[in-house]
Structures are given as C-alpha cells and as structure tokens.
Amino acid sequence: MTQFVQTSSARTLTNAVQDHYIPAEAPFSTVVKKGQILRIEDSYGQQAIDTLFYNAQDFSERYSSQDTMREQGAAYISTGTKIISSEGRVMAVMTADTCGRHDTSAGACSCESNTVRFGHYTKYLHACRDNFVLEVSKHGMSKRDVVPNINFFMNVPIEPSGEMTIVDGISAPGDYVELKAEMDLLLVISNCPQINNPCNGFDPTPVRVLVWEGEDA
Amino acid sequence: MHIRRSHDEIAANRARYEEHQRQGLNATPKALPGKSDKPAASIAEDRIIHREIIPGGWYWSTRVKANEVLRISLDQGLSTLSLIAWNAADTTERLNLPDTVKVQWTTGLAKGRVIFSDMGRVMFSIVEDSCGAHDVLVGGSTASSNAKKYAGANGPALRNTRDNFVLLATKAGLDKRDIPAALALFAPVRVDADGKFHWKPELVQQGDYVDLRADMDMIVGFSNCPHPLDPNPVYAPNPVTVTRIEASAPSADDLCRTATPEAVRGFENNAFAAL
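Under an unreviewed UniProt entry, the name given to chain B is DUF1989 domain-containing protein, and the organism recorded is Rhizobium glycinendophyticum.

The name given to chain A in an unreviewed UniProt entry is Urea carboxylase-associated family protein, and the organism recorded there is Rhizobium glycinendophyticum.

The following block contains the structure:
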C-alpha cells in the first residue's frame, strides 16, 4: 500500500548536490554521505532499479536483505523501512515512497539464472549481475561482494501459499523513493536490462538519481 | 533520447514470459508430491559416512561429495537449523536463495524442489521432507536480534547464527564477505497478503526430517540457533542430528531432476560444468 510522504519544498533540482542520469540497462555508483537525502526516480515508470549499498568506509559491511526483512517483520519495503547492513546497523531509512511496492526477495537477474528460468538461449543477454560485478570491480570488489539486493519499483507479490511471480510494476513515470543515509554509503545500481519478464514492462528505460544535503545537518 | 521497444517486440516477450510462467506453475503438483512419511526410513549402518549431533547454539561444517545425502533430523526435539553452502572447487559459487525462489516460482521449499547456486546450477535436491516448513526470506539470528528477543536473559551473550557463520567460514579459509543469505530449515515462516511474516508452530514437530542430496561437491555450513521469528521467549534450541549418507547415483526418472523445466535446465548446467 502506498504511503505518500510529501517531499520537502526546500529541495529543488537547483540545490541538489548530485544529479545523475542512468541510461537504460546501465550500471552506476556514487557515494552518498551520512545525513544526505538520496532520491531514486523511475523516470519513465515501470522500471526495476536493482540497488545495493555498501559502507563507504568498509565494503565488507553491506546491504542485507534478510536482516532488513527481519527488522520490518515483512517482505516488502516502503516508507519507514530501515535498510539494515550485514553487521545489523541501519544504513539508511526510507523517508518517502510515491509507489508503494518494492521487492527484496527476488534478487538480480544474471546470465546464469536466466538460462534456468527462461532457457539456455537467453544466456547471452545483458544482465544485472554483470552490471553489478563491473561496477563493484571499480571499487576493488568482485562477484563474492554482490549480495541479494533491493529491487526498487519491482512488483513481486508473495502469496500466502508461498507462490511468487514477477508481475507488471505499478510505478508511474516520475515515481520516486527517498532515503536518508545513516552512514557514508557507496550506492551501486544496475538499471535492470531484463527483457524476459515484466519487471520493467519488457522495455528497460532510463532512471535518475539525485542527492541533497540533509536539512538537519 | 531513449528509443523504446516496439509494441510487437514487447508483446512477443510478454507472450513468452506468460508461457514460461504457465509451465512453471503447472509443474507444481509434480514438484510438490507431498510430505514424506514419518518416521524416516532407516539407513543401513554401512552407508553412514558420519553422524554429527550439533548441540543447541553451535555450528558445524562438512564437505560433501555429489550424490551423497545429508539427513537432517529433529529427533531430540524442536530446533531451527540454518544452512549455507559453497562449491568446494570454487567457493565464489555459493547458495543463492533469491534465484532458488524466483526460478521455481515459489518461496515454499519442500520435497521435490531444488536449491540453486548463484551460477544457475543445482546445489541440493530436497529428496525427502516430512514438514515442508522452511524459511528462505528471514534467515538466521544475529547478536542484535538475540539482544532484542532475550533482553532479560543476557541476550547478547547467547550464541547466534551470524557469528556462527563467521566462525565456520573463517575456519574454511573464507571470511564474512563469503556468507550468503541462509536457508532456515524447520522454520515455519509464512507470509500474509500484506507481506507480513507469521510463525506457524503447528507445521513442525519432533521427528521431522529433511534429506538433502548434494548435487555437486560442496562445503556445507550449519548453525543450530533459534530462528529470530520463533516466539518462544526462552532460548532453548535442541540438538539437531546431521547424518551424511553414502552416494547412490540418481535414477533417470529422479523426481527432483525432472520435476520442473527449471530443474531440468539447472541439471543441464551442472552436467556441462562437470565435463
């Protein structure tokens, strides 16, 4: 369910300290400082944005989907969700969400899992894990550092029977989430290139990342 | 300017996905044949390679070879056993639960399902399972989850799964960066329509067991600590028995290898890797 929290009028495009355009299917990373506000915008709507967080001072501390789900007592994340690290610390808090449905159970696509899921002929298609590996390699990390991620705007309902499928995203063009960083973070994104399932309407599109200084800094 | 795909391309991809989804979901009756009978079939003594009784709160790891079976049994009372695994020949390949649930269209692991690595290969087949009540989402306990749950009982000092996994990974020459998301066996966690987790104690009983067939040579790690969602306010994990059983090659019509199109393709990836 959508819990809309009005974004602050003090934050405008002109006073953002970072403003990035991420092309369809591309990887991306940046550092977000403690106290800063991060906005991830689904510019065209219905685009899954695969996201990982690392402690910028110690990459061995990273996003933990299981710790985050345990802390929520629930499988989906939205406004108020604490993003928890592998060391049990709060990395960020979700402060706004205009969409209301984000997944952290289904992980990222990979060339290898695509062969299992969709057939061996899908092996040679660009995939999120390749994006993640290329991006984290710029920071001295490797495949072993790529952990189960958050899929912002990806719609993966889990039935009480346990059944789960990826269905059409419900995000509209311009929908966004905002997170307040609780430590210096390395943000890593794979703007999902998957065209075999409806996580992005079979049509990957660009997204935007903005960062502002915190208002209580 | 971004050039979007054509309507025809999108429609063709959607039709293909819906066909995959139909095949995957239609396979459910075969993939989930029902619970295994209790008590478990007895194992001839000469087929037992090793039997380990993991005390409550403790960890253990073992190497297994392809086709060996690990029988994990609650013959001394209730407990949750968390499990992680690495390919013995290349420990960068490890358990991957998001892929496991996504490619099988379900978070419910039970007899007939398989468990995947991050490289699209099958690590385990669930060849017997008397309860089908396991947790793939929440995983094990941590020092902070214990501290919250057992506040009046010196919670932080109680053993937890995260620290157990750091210890066993380190003793295997790995480190905390290598610890994958954990499968919690005998953890009856269910998700409601809003995504909230519920603990269903009636789904697990003393005497329940799971037989996991190894489908590659692996290092397997276990932690025997109470699940963080287990509402029991007393920290009282019972010992869990793990029996490592000699290998027999699976038959051509092996249930787990043939249950779903996804399992078939996963085993094709195993066979290719073994060439």
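After that view of the structure, there is still more to cover.
Asks: Honestly, the environment of Glu61 of chain A in this entry has me stumped. Any pointers?
Replies: All names here are of chain A. Note on placement: Glu61 falls in strand 5 (residues 58–62). Of the residues examined, Glu61 reaches a relative accessible area of 3% and is grouped as buried. Once the C-alpha coordinates of Glu61 and Trp212 are considered, the two residues, 151 residues apart in sequence, prove to be 24 Å apart. Setting aside residues up to four positions removed in sequence, Glu61 forms contacts with Tyr54, Asn55, Ser85, Ser86, Glu87, Arg89, Met91 and Met183. One polar contact links Glu61 to Ser85, side chain to side chain, over a distance of 2.6 Å.

Asks: Help me understand the sheet that holds strand 6 (residues 82–84) of chain A, please; the structure alone is not making it clear to me.
Replies: Two pairing modes exist for strands in a sheet, parallel and antiparallel, and in both the strands are linked by backbone hydrogen bonds. Residues and elements named next belong to chain A. Across the sheet, six strands lie side by side as 1-11-3-9-7-6; this open sheet has antiparallel pairing. The open sheet has two free edges, formed respectively by strand 1 (18–22) and strand 6, since each of these has just one partner strand. Going across the sheet, the axis of each strand differs from the next one's by a mean of 20°, ignoring polarity.

Asks: Please explain the sheet that holds strand 7 (residues 122–129) of chain B as it appears in this structure.
Replies: All names here are of chain B. If you walk across this open sheet you meet the six strands as 1-13-3-11-7-6, and the pairing is antiparallel. In this open sheet, the two strands that pair with only one neighbour each are strand 1 (48–54) and strand 6 (114–116). Taking the axes of each pair of neighbouring strands and ignoring which way they run, one obtains an average angle of 20° across the sheet. Relative to strand 11 (residues 209–214), strand 7 is paired through five bridges, and the arrangement is antiparallel. Paired with Glu128 across the bridge in strand 11 is Asp211.

Asks: How should the pattern of salt bridges be read in this particular structure?
Replies: Pairing of side chains with opposite charge becomes possible as their charged atoms draw close. Throughout the structure, instances matching the rule amount to 31 salt bridges over all chains. The residue Asp19 of chain A makes a salt bridge to Arg208 of chain A at a minimum N-O spacing of 2.7 Å. Linking Asp19 of chain A in strand 1 with Arg208 of chain A in strand 11 (residues 207–212), this pair joins segments that are 189 residues apart in sequence. A residue is classified by how much of its surface remains accessible, and Asp19 of chain A, at 40% relative accessible area, is partly exposed. On the basis of relative accessible area, Arg208 of chain A is assigned to the partly exposed category, the value being 24%. As a salt-bridge pair, Asp203 of chain A and Arg5 of chain B come within 3.9 Å of each other at their nearest N and O atoms. Taken together, the residues span two chains, with Asp203 of chain A in the loop between strand 10 (185–191) and strand 11 and Arg5 of chain B in the segment before helix 1 (7–26). What emerges from the salt-bridge pattern is a single network uniting Glu112, Arg129 and Lys143 of chain A together with Asp118 of chain B.

Asks: Even after reading the chapter, I still don't get the packing of aromatic side chains, so can you show me in this structure?
Replies: Two aromatic rings, taken as a pair, are described by how far apart their centres are and by the angle between their planes. Summed over all chains, the structure comprises six aromatic pairs over all chains. Their ring planes at 65° and their centres at 6.3 Å tell us that Phe202 of chain A and Tyr17 of chain B sit as a pair that is edge-to-face. Linking Phe202 of chain A in the loop between strand 10 and strand 11 with Tyr17 of chain B in helix 1, this pair reaches from one chain into another. Under the relative-accessibility criterion, Tyr17 of chain B is labelled buried at 3%. By way of ring pairs, the aromatic residues Phe202 of chain A together with Tyr17 and Trp105 of chain B are connected into one cluster. The ring of Tyr176 of chain A has Arg39 of chain A sitting right over it, with the charged end atom 4.1 Å from the ring centre. Note that Arg117 of chain A overlies the ring of Trp105 of chain B, its terminal NZ or CZ placed 5.0 Å from the centroid.

What counts, and at which threshold
- Residues numbered from 1 in each chain as written.
- Chains lettered and ligands numbered in written order.
- Predicted model: local features only at pLDDT ≥ 70, side-chain atom pairs only at ≥ 80, totals over all residues.
- Heavy atoms only, no water.
- Helix = DSSP H or I, 4+ residues; strand = E, 2+ residues; numbered from the N terminus.
- Buried < 20%, exposed > 50% of the residue type's maximum accessible area, 1.4 Å probe, protein only.
- Contact = heavy atoms within 4.5 Å.
- Polar contact = N/O pair within 3.5 Å; in protein donor to acceptor, adjacent residues only side chain to side chain.
- Pairing = 2+ DSSP bridges.
- Axes fitted to C-alpha atoms, helices over the stretch in contact; angles between N-to-C directions.
- Salt bridge = Lys/Arg side-chain N within 4 Å of Asp/Glu carboxyl O.
- Phe/Tyr/Trp six-rings, centres within 6.5 Å; stacked < 30°, edge-to-face > 60°.
- Lys NZ or Arg CZ within 6 Å of the ring centre and 35° of its normal.

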